[in-house]
Amino acid sequence: MRHAHHRFYLSAFFLDFAVSCGFTAIPFFVFHELGGGARMSGTIGAVQSLFYGMTCLLTAGVVMRTRGGLRWAVAGSLGYGIALPLATLFREPVAFTVMTVIACMLMALYWPAMQAWVGSEPNPAVRAKRIGVFNIWWSAGLAGAPLIAGPLYEVDYHWPFVLVFFTSIVAMALTMTLPRADAHHASIEGNVDQAKHDAASEAHLWCGWCANFMGWAMVGVMRSVFPKRVDELVNSGELVVGFGTFAWERLDWGAATQYSWLMTFMYVVRAASSFGLGSWQGWHHRFSVLVWSQIMAAVAFCVLGVTKSLSVMVLCAITVGVSGAVTFFASLFYSVANSEKRHRRAAIHEATVGLGSFSGAMLFGELAGRFGTTWPFLYTPIFISAGIALQYFLLKAGSRRTTL
């Protein structure tokens, strides 16, 4: 591939393919090999996300001062590919958690460096398109992996983790071929009011980070807590394709396979939404777009708390995928708008991914363990409403900050 950004997109695809393989298999490994439930799975997912976010924050300054920032991405992809498969050697929950946490901390070296690389494009319009394509490729990796990892787990739980290793190595090899960011600047095209655009992005920065935190909190729940709901319904024979009218609607397939479809639809729609966001600039600096995407996701979570229909669950997963695409894209776009601060801000943006996933998995895992897997989903609008209120406050504070 002659163009560096094409190799960049492929690297992101393969690493998130590896990540999604791991996230698909880990909950069921916890249920079937460690003897845990929703609380243990949620706690492990939460701790992974917490240390991922903390590593992003703690290494931001060091990586930013390093001449070859992509070296960190190379080390991160290699480390993740080795550490996560090694975790399956342990049958003690604490040891297993420690190994998966190490894998996630190593992965935290990869994404901020890569996001800063794509954010080095000085033209906002070109940058938005490239971020959009970037989001499509990593989302495609997340979407495709569950379709393979779920059935592979049903055959033998080792296979998804073997796949993690090989796809991580491919991501590392592609990253090693990329030039430095400052050697990859495109020429500025069009007639963009740069100063006005950057000021608006600065005003929306904190708000975007908060929205990204909320979006990834919901993804953390879908990854770590909702699998238990699917597992319960499959084991009791209550999960149906549509509404249980026909006998064939109770599929004789494992929970990991049926859950994998939900995650695949969520990530496919996320990728498609990223394509639209990269092509359409009308959403830039519109707070209402963030608000409505989160409201619809909250409604979807309420439905997930009561439905036993796989089709309805797919529609809910699609809604959550759209919301996650909007909040992530906005946060990343505003984070890299300032070229001098893009790496540190990309690290903070990526930290909100980890900390959001931590909070969602920890809170919902605990509530599901105490009150049942359906209870926390029914009360999601309360959490989302509080998050939107905070985002509005941060937007006003950001607007005042940029006018001083």
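Relevant structure appears above.
A few points on the structure. From a predicted model like this one, the values you see are computed outputs, not experimental measurements.

Thresholds applied
- Within any chain, residue numbers begin from 1 and follow the written order of that chain's sequence.
- Thresholds applied to this predicted model are a pLDDT of at least 70 for local features of residues and 80 or more for the giving and counting of side-chain atom pairs; totals over whole chains, interfaces and linings are not thresholded and use all residues.
- Only hydrogens and water are set aside when side-chain values are computed; all heavy atoms of the structure are taken into account.
- Secondary structure elements are taken from DSSP: a helix is a run of H or I of four residues or more, a strand is a run of E of two residues or more, and numbering for both begins at the N terminus.
- Each residue gets one of three labels from its accessible area relative to the maximum for its type: buried under 20%, exposed over 50%, partly exposed in between, using a 1.4 Å probe on protein chains only.
- In what follows, a contact means two residues having at least one pair of non-hydrogen atoms within 4.5 Å.
- Only the protein chains shown count as cover for residues, with accessible areas throughout obtained via the Shrake-Rupley method and a probe of 1.4 Å.
- Here, a salt bridge means any side-chain nitrogen of Lys or Arg that lies within 4 Å of a carboxyl oxygen of Asp or Glu.
- To form a nonpolar core, buried Ala, Val, Leu, Ile, Met, Phe, Trp, Tyr and Cys residues must be joined to one another through side-chain atoms within 4.5 Å.
- For Phe, Tyr and Trp, where Trp contributes only its six-membered ring, two rings pair if their centres lie within 6.5 Å, and the inter-plane angle classes them as stacked under 30 degrees, edge-to-face over 60, or tilted in between.
- The rule for a charge over a ring is simple: NZ of Lys or CZ of Arg within 6 Å of the ring centre, and within 35 degrees of the ring normal.
- For patch building, the residue pool is restricted to those with more than 30% relative accessible area and no salt bridge; the joining distance is 9 Å between like charges and 5 Å between nonpolar side chains (Val, Leu, Ile, Met, Phe, Trp, Tyr).
- One less than the number of residues in a helix, times 1.5 Å, gives the span that helix is expected to have.
- Here the bend at a residue is taken as the angle between two axes, fitted respectively to the seven residues that end there and the seven that start there.
- Two cysteine sulfur atoms make up a disulfide if the distance between them is within 2.5 Å.
- Between N-to-C directions, angles cover 0 to 180 degrees, with each direction set by a line fitted to C-alpha atoms, over the stretch in contact for helices.
- Angle categories: roughly parallel below 35 degrees, roughly antiparallel above 145, roughly perpendicular from 65 to 115, and oblique for all the rest.
- By the definition used in this description, the sense in which the near helix is turned from the far one sets the handedness, with an anticlockwise turn below a right angle giving left-handed and a clockwise turn giving right-handed.
- When residues are sorted by character, Ala, Val, Leu, Ile, Met, Phe, Trp, Tyr, Cys and Pro go into the nonpolar class, Asp, Glu, Lys and Arg into the charged class, and all the rest, Gly among them, into the polar class.

Of the regular secondary structure elements, the protein holds 15 helices and zero strands. The burial tally for the protein puts 59% of its 404 residues in the buried class. The long-range share in the protein, meaning contacts at least 24 apart out of those at least 6 apart in sequence, stands at 84%. Per element, the accessible surface of the protein, about 15800 Å² overall, is 68% carbon and sulfur.

This part takes up unusual backbone geometry. In this structure, His285 takes a positive phi of about 65° despite not being glycine. Counting through the fold element by element, His285 comes out in the loop between helix 10 (255–279) and helix 11 (287–304).

The next point concerns the pattern of salt bridges. Counted under the stated rule, the structure contains five salt bridges. Notably, a salt bridge pairs Arg39 with Glu366, separated by 3.8 Å at the nearest N-O pair. Here the residue Arg39 occupies a position in helix 2 (residues 38–64), and Glu366 occupies one in helix 13 (residues 342–371), the gap between them amounting to 327 residues. Overall, the relative accessible area of 37% leaves Arg39 in the partly exposed class. For Lys228, the salt bridge goes to Asp231, with nearest N and O atoms at 3.9 Å. Separated by three residues within a single helix, Lys228 and Asp231 lie in helix 9 (residues 226–235), roughly one turn from each other.

Counting 111 residues, the largest nonpolar core has Trp111, Phe134 and Phe301 as the members making the most contacts within it. The element best represented in this core is helix 1 (residues 4–32), accounting for 17 residues. In contact with Trp111, not counting residues within four places along its chain, are Ala12, Leu15, Asp16, Tyr52, Phe134, Trp138 and Glu350.

Bringing the environment of Lys308 into the picture now. The topology assignment puts Lys308 in the loop between helix 11 and helix 12 (310–335). In this structure Lys308 comes out as partly exposed when scored by relative accessible area, which is 37%. Separated by 68 residues in sequence, Lys308 and Val240 place their C-alpha atoms 6.4 Å apart. Aside from chain neighbours lying at most four places away, what touches Lys308 is Arg229, Leu233, Glu238, Leu239, Val240 and Met313.

Moving on: the environment of Val336. Here Val336 shows up in the loop between helix 12 and helix 13. Overall, Val336 belongs to the buried group, its relative accessible area being 1%. Separated by 138 residues in the primary sequence, Val336 and Asp198 place their C-alpha atoms 10.0 Å from one another. With near-sequence residues (within four places) excluded, Val336 lies in contact with Gln115, Gly119, Arg127, Ile131, Arg342 and Ala346.

A few words on the packing of aromatic side chains. Under the definition given, this model contains 30 aromatic pairs. Centre to centre, the rings of Phe8 and Trp117 are 4.9 Å apart; their planes meet at 25°, and the pair counts as stacked. Residue Phe8 is located in helix 1, and its partner Trp117 is located in helix 5 (residues 111–118); the two are separated by 109 residues in the primary sequence. The exposure class of Phe8 is buried, given its relative accessible area of 0%. Summarising the aromatic geometry, the rings of Tyr110 and Trp111 are spaced 4.7 Å apart at their centres and angled 85° between planes, so their arrangement reads as edge-to-face. The exposure class assigned to Tyr110 is buried, which follows from its relative accessible area of 0%. An aromatic cluster is present here, built from Phe8, Tyr9, Tyr110, Trp111, Trp117 and Phe134 joined pairwise through their rings. Residue placement shows Lys228 over the ring face of Phe31; its charged tip is 5.0 Å from the ring centre.

Let us now look at a nonpolar patch on the surface. Together, Trp292, Ile295, Val299, Val303, Val306, Leu363, Phe371, Trp375, Leu378, Tyr379, Ile382 and Phe383 make up a nonpolar patch on the protein surface, roughly 1100 Å² of accessible area in all. For the nonpolar patch, the secondary structure elements donating two or more residues are helix 11, helix 13, helix 14 (375–378) and helix 15 (380–403). Counting residues per element, the nonpolar patch draws most heavily on helix 11, at four residues. Within the element layout of this structure, Leu363 appears in helix 13. Relative accessible area serves as the criterion here: at 38%, Leu363 is assigned to the partly exposed category.

Counted at 1.5 Å a residue, the expected span for helix 6 (residues 124–155) with its 32 residues is 46 Å, and the 47 Å between its end C-alpha atoms agrees. Along helix 6, the sharpest change in direction is near 30° and occurs at Ala145; proline Pro146 comes one to four residues later.

Before going further, it helps to spend a moment on the state of the cysteines. Tallied over the entire structure, the rule returns zero disulfides. The thiol of Cys207 is not disulfide-bonded; the next cysteine sulfur, from Cys210, is found 7.1 Å away. For Cys207, a relative accessible area of 0% puts it in the buried group.

Here we come to the side chain of Ser41. Turning to its location among the elements, Ser41 is positioned in helix 2. A relative accessible area of 4% places Ser41 in the buried class. Apart from the residues within four sequence positions on either side, Ser41 is in contact with Pro27, Val30, Phe31 and Ser224.

Two numbers describe how helix 1 lies on helix 3 (residues 70–87): the axes approach to 11 Å, and their chain directions differ by 25°. Accordingly, the angle class assigned to the pair helix 1 and helix 3 is roughly parallel. Regarding helix 1 and helix 3, the two cross each other, and that crossing is left-handed. Contact residues: helix 1 offers Leu15, Ala18, Val19, Gly22 and Ile26, while helix 3 offers Ser77, Tyr80 and Leu84. Of the residues that constitute the contact of helix 1 with helix 3, the class distribution is six nonpolar, two polar and no charged.

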